[in-house]
Amino acid sequence: MAMVLNNISRSSEQAVKIVEMLSLKDCQMFLKLISRNQEQGYLAAVLGNIAVTDGGRELLHQESLFTELISLLTMPGNIIVRRNIARLLRNLSFDTKTHTTLLEFLPQIVYPLVGGEEVEEDDMEKLPLDLQYLPEDKCRESDLQTRILLSDTLFQIGGTFSVREKFREENYYVLLKNYDQWEEDMDARERIQNVIYLIVQEDGKVDLRKDGELPQGLEKEDHVVHVERDSQNLELSIENRGS
């Protein structure tokens, strides 16, 4: 049944119809089944599929559901679940109304990108408690696509002023820079460099496109960053020319 639902919900039009039939309790049941290893890959994919719809995003970012949902982002032994939860987060991030909720769970979103590198004590004290003093053998997310989806999520929510403030106040730059230096895939590196650029640039001067060109180090033929200004918020999107 879950496989059929996944196949149907891949269509955005069908996803809208499915959301109309789902309740909060239905989604909570999905999460319980996933945590119990029952059709977990398909059900996680369904949640990711419905997150492309307005109704799906409104349903999924409710805090009563979101706490359990984001815990699956570090579910051991199942790359498919982790990847689909990361895809869900990325889809949620396209709607600025979800950014307040995503901001509350920022440490959990960043956690999979963090390794066990040594951090200076002064820098460590500024980090969120959940990201302080991680063990030296702490491993990053092994799945490349999950890492890319999380970077895209951070980039999208970074278009909101309060998120950029949080990035800076809690010293996320240090962790994301370590990840950038660790990452070997050039596409993934450019995605996280987009986020780092948002953090280090002074507000009012953030402009990823100047005369149609990206800054040096952010050029990528297949991924073009678009920025539109709106007061203190930035509307950010990545156009994938290869899809």
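So, a few notes on the structure that sits alongside this text. (Residues numbered from 1 in each chain as written. Predicted model: local features only at pLDDT ≥ 70, side-chain atom pairs only at ≥ 80, totals over all residues. Heavy atoms only, no water.)

With respect to the overall build of the protein
To be explicit about the condition: Here a helix means four or more residues in a row that DSSP labels H or I, a strand means two or more in a row labelled E, and each is numbered from the N terminus. Each residue is placed in one exposure class: buried if its accessible area under a 1.4 Å probe, protein chains only, is under 20% of its type's maximum, exposed if it is over 50%, and partly exposed if it falls in between. The method behind every accessible area is Shrake-Rupley, applied with a 1.4 Å probe, and residues are considered shielded solely by the protein chains displayed.
Scanning the protein for helices and strands turns up 14 helices and two strands. Put simply, the protein has 243 residues, and 51% of those count as buried. Put simply, the protein shows about 12,400 Å² of open surface, and 46% of that area lies on carbon and sulfur atoms.

Observations concerning the packing of aromatic side chains
Two numbers describe a pair of aromatic rings. These are the distance of the centres and the angle of the planes. What counts, and what does not: Aromatic rings from Phe, Tyr and Trp, taking only the six-membered ring of Trp, are treated as a pair when their centres fall within 6.5 Å; an angle between ring planes under 30 degrees marks them as stacked, one over 60 as edge-to-face, and anything in between as tilted. Criterion for a charge above a ring: Lys NZ or Arg CZ within 6 Å of the ring centre, and within 35 degrees of the ring normal.
Under the criterion given, the structure shown has three aromatic pairs. For the ring pair Tyr-179 and Trp-182, a centre distance of 6.1 Å and an interplane angle of 35° mean the geometry is tilted. Here Tyr-179 and its partner Trp-182 are both found in helix H13 (residues 172-182), three residues apart, which amounts to about one turn of the helix. One residue, Lys-138, lies across the ring of Tyr-111, its end atom 4.0 Å from the ring centre.

Some thoughts on the nonpolar core
Selection criterion: Buried residues of nine kinds, namely Ala, Val, Leu, Ile, Met, Phe, Trp, Tyr and Cys, make up a nonpolar core once their side-chain atoms join them within 4.5 Å. In what follows, residue pairs with any heavy atoms lying within 4.5 Å of each other are defined as contacts.
If you look at the biggest cluster of nonpolar residues, it comprises 61 residues, and the most contacted ones within it are Ile-34, Leu-47, Leu-60 and Leu-154. Here Ile-34 is in contact with Gln-40, Leu-43, Ala-44, Leu-47, Leu-72, Met-75 and Val-81, once residues within four sequence places are set aside.

Topic: the side chain of Arg-164
Here is the rule we go by: Think of a polar contact as two N or O atoms within 3.5 Å of one another; within protein, one of them needs to be a possible hydrogen donor and the other a possible acceptor, and neighboring residues in sequence only count if both atoms come from side chains.
Position of Arg-164 among the secondary structure elements: in helix H12 (residues 161-169). What makes Arg-164 buried here is its relative accessible area of 3%. Looking at Arg-164, its side chain comes within polar contact range of the main-chain oxygen of Gly-159, at 3.2 Å.

Some thoughts on the environment of Trp-182
The class for Trp-182 is partly exposed, based on a relative accessible area of 37%. Each C-alpha atom, one on Trp-182 and one on Gly-115, is 8.7 Å from the other, the two residues being 67 residues apart in sequence.

Details of the environment of His-99
Mapped onto the fold, His-99 is located in helix H8 (residues 99-104). Overall, the relative accessible area of 3% leaves His-99 in the buried class. Spatially, the C-alpha atoms of His-99 and Ile-157 are 5.8 Å apart, while their sequence positions differ by 58 residues. Discounting residues that sit within four places of it in the chain, His-99 has contacts with Ser-93, Gln-156, Ile-157 and Thr-160. At a separation of 2.5 Å, a polar atom in the side chain of His-99 contacts the side chain of Thr-160.

Description of the pattern of salt bridges
Two side chains bearing opposite charge may form a pair once their charged atoms approach each other closely. Counted only if it meets this: What makes a salt bridge here is a side-chain nitrogen of Lys or Arg within 4 Å of a carboxyl oxygen of Asp or Glu, nothing more.
Enumeration according to the criterion identifies twelve salt bridges in this entry. The shortest N-O distance in the salt bridge between Glu-117 and Arg-140 comes to 2.8 Å. Taken as a pair, Glu-117 in the loop between helix H9 (106-110) and helix H10 (121-126) and Arg-140 in the loop between H10 and helix H11 (144-157) lie far apart in primary sequence, 23 residues in all. Classification of Glu-117 as partly exposed rests on a relative accessible area of 31%. Judged by relative accessible area, which is 12%, Arg-140 ranks as buried. The closest approach of N and O atoms between Glu-183 and Arg-147, which form a salt bridge, is 2.7 Å.

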